[in-house]
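Chain and residue survey
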Amino acid sequence: MTDFSPIRRALVVSASAAAATGLSGLLVPAFAQGLAPTPTMRGGANNYRPGAPIVERIGGGGFWMTGTVRRAGDGAPLPGQRIQIWAHTTEGHERDPQSHGATLTDATGAFRLEMPQIVPAFGQPHGHLAYDDPEFETVFLRPVMASARDTSLHVDFVLKPV
Amino acid sequence: MVRAAAIWAGFVTLLVVPAWVAATSPLLAWREPVYVAAGFAGVIALMLLLVQPLLARGDLPGVALARGRRVHRWTGAALVAAVLIHVGGLWLTSPPDVIDALTFNSPTPFSVWGVIAMWAIFATAVLALLRRKIGLRLWRRGHRALALIIVAGTVLHAILIEGTMGTFSKAVLCLAVVAVTLPAVITFRGWAAWVRSATTSGSD
């Protein structure tokens, strides 16, 4: 099973950049010339609690959720964007309030938030991320870890202006 | 005698080892009791799939066919109960994930196989309750076809999941389930024997 995971991860996590440019580019003419927006993933919004507080760290930490946020089309990095993160971890279920937190992207459009170790739940070790603010269209992601032993997960957002 | 002991030893080992591995999984430390119960109900359901064909065919030494068939019905009822606890417990743990699965809208590929197996199990229960009305022939064919769907669906479901079961012991149990199911649904021997016993005893 672990053998398949890197492929799945490549498909799922990097879908935003590589696949989207090629595939969705055809479907979204406005972005045909540039970076296509990241589509929401199936199940991405499960157990979402809107308005998770911006925190230094979720719980005790030990696991890093990292990523970038760029604008569709020109790919410009988007600073100051709020990314909400939750997962089933060693410190709580997805539904538990303490499993949720948010962070802001820095000047380069990158974000990183420390959180407790994600553990397999509902059959896969996976996290949830949301961009849910007025400026761009809402996106919910549900990346799957290549291995349950991983201590970080990287996710790229490409957002479409509203 | 030695053969009987070997069969029973193998049978018990195939059930006890995967159950033990699942019961001692480190993942349990990070799960609520209802999630633990839901997961284990799924493990038990898979274990029952190993028991069912052996009872139906009278393959377990010392368990006569007629008695095996009676137990087989109760084991079947237990299988329905295990599935209800499995799905119900998962629902309480994370309702949106279960709704996604039941509506065939889940991001996880294994959910669809589990839901297919679930419906095939429920259909078998309904068919079993109606077996006198629908006739032996339809019941036999229906039960065999559904058993194949149940086993295929459950095995795919279990193998694709990263959960409390151990990868190796789970694979061995799944292989064993397939191995005992195929001859049970393909051969007519068991059914012929059952029909004989049913007609001579006058019951059923």
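Scroll up a little and you will see the structure.
Description of the structure in this document. Within any chain, residue numbers begin from 1 and follow the written order of that chain's sequence. Note on labels: chains are lettered from A, ligands numbered from 1, in written order. Reporting of local features is limited, given that this is a predicted model, to residues whose pLDDT is at least 70; pairs of side-chain atoms are given and counted only at 80 or more, and all residues count toward the totals for whole chains, interfaces and linings. Hydrogens and water are ignored here; the side-chain numbers use all heavy atoms of the structure.

Here we look at the overall build of chain A
Per the secondary structure count, chain A includes three helices and seven strands. In this description a helix means any DSSP run of H or I spanning at least four residues, a strand means any run of E spanning at least two, and both kinds are numbered starting from the N terminus. When the helices and strands of chain A are read in sequence order from the N terminus, they spell out α-α-α-β-β-β-β-β-β-β. Pairs of residues are marked as contacts when any of their non-hydrogen atoms sit within 4.5 Å. Looking at chain A alone, contacts between residues at least 24 apart form 73% of all its contacts between residues at least 6 apart. When the accessible surface of chain A is totalled, it reaches about 7,000 Å², and 57% of it is carbon and sulfur. Here the open area of atoms and residues is found with the Shrake-Rupley method and a 1.4 Å probe, where only the protein chains shown may cover a residue.

Some words on the sheet that holds strand 7 (residues 152–159) of chain A
Residues and elements named next belong to chain A. For two strands to be treated as a pair, DSSP must find at least two bridges joining them. The three strands lie next to each other as 4-1-7, forming an open sheet whose pairing is mixed. In this open sheet, the two edge strands, each paired with only one partner strand, are strand 4 (110–115) and strand 7. Across this sheet, the average inter-strand angle for adjacent strands is 20°, counted without regard to direction. Bridge analysis of strand 1 (residues 63–71) against strand 7 gives eight bridges, and the strand direction is parallel. Looking across to strand 7, one finds that Arg-70 is bridged to Val-158. Interaxial angle, 0 to 180 degrees, is taken between N-to-C directions of lines fitted to C-alpha atoms, where a helix line uses only the stretch in contact.

Here's the deal with empty space enclosed by the protein
All names here are of chain B. Using protein atoms alone on a 1 Å grid, points that fit a 1.4 Å probe yet trap it form a cavity, whereas open point sets bounded by protein on both sides within 12 Å along at least five of seven lines form a pocket; residues with an atom within 4 Å of a point count as lining. Grid points are joined across faces, edges and corners, and a volume is the space filled by probe spheres set on the points. Here the structure, examined in full by the defined rule, presents two cavities of 30 Å³ or more. Its volume calculated, the largest cavity comes out at about 730 Å³. In terms of lining, the largest cavity is formed by 39 residues, of which the most central are Gly-42, His-86, Leu-90, His-157 and Ile-161. Classification used: nonpolar for Ala, Val, Leu, Ile, Met, Phe, Trp, Tyr, Cys and Pro, charged for Asp, Glu, Lys and Arg, polar for all others including Gly. Partitioning the lining of the largest cavity into residue classes produces 22 nonpolar, twelve polar and five charged. Reported here for the second largest cavity is a volume of approximately 70 Å³.

Some details on the packing of helix 1 (residues 2–23) of chain B against helix 8 (residues 167–186) of chain B
Residue and element names in this part refer to chain B. Remark: helix 1 packs on helix 8, axes separated minimally by 9 Å, with the N-to-C direction vectors making an angle of 145°. The handedness of the crossing between helix 1 and helix 8 comes out as left-handed. In contact with Leu-14, Leu-15, Val-17, Pro-18 and Val-21 of helix 1, helix 8 contributes Ser-169, Val-172, Leu-173 and Ala-176. Tallied by class, the residues present in the contact of helix 1 with helix 8 amount to eight nonpolar, one polar and no charged. Helix crossings get a hand from a simple test, with the near helix turned counterclockwise from the far one by less than a right angle marking a left-handed crossing and a clockwise turn marking a right-handed one.

Digging into the packing of aromatic side chains
Each Phe, Tyr or Trp ring, with Trp reduced to its six-membered ring, pairs with another whose centre is within 6.5 Å; inter-plane angles below 30 degrees give stacked pairs, above 60 give edge-to-face pairs, and intermediate values give tilted ones. Overall, the coordinates contain seven aromatic pairs over all chains when judged by the stated rule. Their ring planes at 35° and their centres at 5.3 Å tell us that Tyr-48 of chain A and Trp-86 of chain A sit as a pair that is tilted. A residue pair is termed long-range when its members are at least 10 positions apart, and Tyr-48 of chain A in the loop between helix 3 (24–27) and strand 1 and Trp-86 of chain A in strand 2 (residues 82–87) qualify at 38 residues. Taken as a pair, Tyr-48 of chain A and Trp-86 of chain A share a single burial class, namely buried. Between the aromatic rings of Trp-8 of chain B and Phe-11 of chain B, the centroid separation amounts to 5.5 Å while the plane-to-plane angle is 85°, which identifies the pairing as edge-to-face. Residue Trp-8 of chain B and its partner Phe-11 of chain B are located together in helix 1, separated by three residues, close to a single helical turn. Given the relative accessible area of 10%, Phe-11 of chain B is considered buried. Note on geometry: a ring has a charge over it if NZ (lysine) or CZ (arginine) is within 6 Å of the ring centre and within 35 degrees of the ring normal. The ring of Tyr-35 of chain B has Arg-31 of chain B sitting right over it, with the charged end atom 4.2 Å from the ring centre. Note on classification: 1.4 Å probe, protein chains only; a residue is buried when its accessible area is under 20% of the maximum for its type, exposed when over 50%, partly exposed between these limits.

Let's talk about the interface of chain B and chain A
On the side of chain A, 20 residues touch chain B, which itself brings 25 residues to the contact. When residues of chain B are sorted by the area they lose upon contact with chain A, Trp-30, Asp-97 and Glu-162 of chain B head the list and together hold 32% of the total. Definition used for salt bridges: Asp or Glu carboxyl oxygen within 4 Å of a side-chain nitrogen of Lys or Arg. Our enumeration of links across chain B and chain A arrives at zero salt bridges. Here a polar contact is recorded for every N or O atom pair within 3.5 Å, except that within protein the pair must consist of a potential hydrogen donor and a potential acceptor, and residues adjacent in sequence are included only if both atoms are side-chain atoms. On the surface where chain B and chain A come into contact, there are ten residue pairs in polar contact (both at pLDDT 80 or more). Contributing elements (two or more residues each) for the side of chain B that touches chain A: helix 3 (65–93), helix 4 (95–102), helix 5 (109–129) and helix 7 (136–160) of chain B. Looking at the side of chain B that touches chain A element by element, the count peaks at five residues for helix 4 of chain B. In terms of residue class, the side of chain B that touches chain A is made up of 15 nonpolar, five polar and five charged. Summed over both partners, buried area is the accessible surface (1.4 Å probe) that two parts give up on being assembled.

Any functional reading would require information beyond the geometric quantities listed.
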